[in-house]
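A look at the structure
This is what each chain is made of:
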Amino acid sequence: MDDWHHFASIDRLDNHWNRPGWTPGRRSYHWMPTFQDATEPHTPADRCQRRLRLPVLDSVPPDGLHLTLRRLAFTDQIGRADIGRAVEQTRARLAGTKPFSLTVGPLAGSSGALHFSVLPWAPPVAIRDGIIDAITAALGPAAVVVKPHGFRPHIGIAYCNSRTDAHPTAHLAAKTGPEPGPGAQLESG
């Protein structure tokens, strides 16, 4: 519920698509587990998206559901050799990662998106830390910018497409949940 309280305290939603460095058509490389084969989050995401049809929200399609762990770089800022080194270092650091389960839910949000929290945080945080160590080893410390507000593992279900008052969206989200139903269990492999 900490994620929900954090979201409920936000006054304004910002356009998720209007971030520093992002321009139309610009792409980037990320580490992100997807849920194409682990369909447990699809049903609660669809249910919440149908109830949260607002002009300020862009729903994430089922094949786009993901848990973003870390951005590597914009595609125009990194070459194949650097990508290869970062991937090699990541594989080496995460080779011993044991399978784990995540519980998906409740519904929460941030200043630019609605998402499901995932618990426990420890496995995704440990993987992200390994990725950060790998990027640092492969590309140097200047390649790693850590956000000051920390990492809150989540699965985004809708992105805000314009700056707006957060309260109507939070109010509708509260009526939608904040619980999306029984938490979906995900197994890593």
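Residues numbered from 1 in each chain as written. Predicted model: local features only at pLDDT ≥ 70, side-chain atom pairs only at ≥ 80, totals over all residues. Heavy atoms only, no water.

Now for helix H3 (residues 80–94). Taking 1.5 Å per residue, 15 residues should reach 21 Å; H3 reaches 21 Å between its end C-alpha atoms and fits that length. Along H3, the residues that are buried comprise Ile83, Ala86 and Thr90. One side of H3 holds all its buried residues, which, seen down the axis, span an arc of 65 degrees. Of the exposed residues in H3, those oriented more than 90 degrees away from the buried face are Arg80, Ala81, Glu88, Arg91 and Ala92. Where the residues of H3 are buried, they touch strand S2 (28–31), strand S4 (70–74) and helix H4 (122–139). (Helix = DSSP H or I, 4+ residues; strand = E, 2+ residues; numbered from the N terminus. Expected span 1.5 Å × (residues − 1). Buried < 20%, exposed > 50% of the residue type's maximum accessible area, 1.4 Å probe, protein only. Arc of directions from axis to C-beta. Contact = heavy atoms within 4.5 Å.)

Residues Ala166, Thr169, Ala170, Ala173 and Thr176 constitute the buried set of helix H5 (residues 166–176). The arc that holds every buried residue of H5, seen down its axis, measures 115 degrees, which confines them to one face. Counted as exposed and oriented over 90 degrees from the buried face of H5: His171 and Lys175.

Looking now at the packing of aromatic side chains. Within this structure, the stated rule accounts for two aromatic pairs. Residues Trp4 and Phe7 carry aromatic rings whose centres are separated by 5.7 Å and whose planes lie at 65 degrees to one another, so their mutual orientation is edge-to-face. Residue Trp4 and its partner Phe7 are both found in helix H1 (residues 2–8); the two are separated by three residues, about one turn of the helix. Exposure class is identical for Trp4 and Phe7. Each is buried. Aromatic side chains Trp17 and Tyr159 sit 5.1 Å apart centroid to centroid with 70 degrees between the ring planes, which places their arrangement in the edge-to-face category. Of the two residues, Trp17 is situated in the loop between strand S1 (12–13) and S2 and Tyr159 in strand S7 (residues 154–160); the sequence distance between them amounts to 142 residues. A relative accessible area of 13% means that Tyr159 is categorised as buried. (Phe/Tyr/Trp six-rings, centres within 6.5 Å; stacked < 30°, edge-to-face > 60°.)

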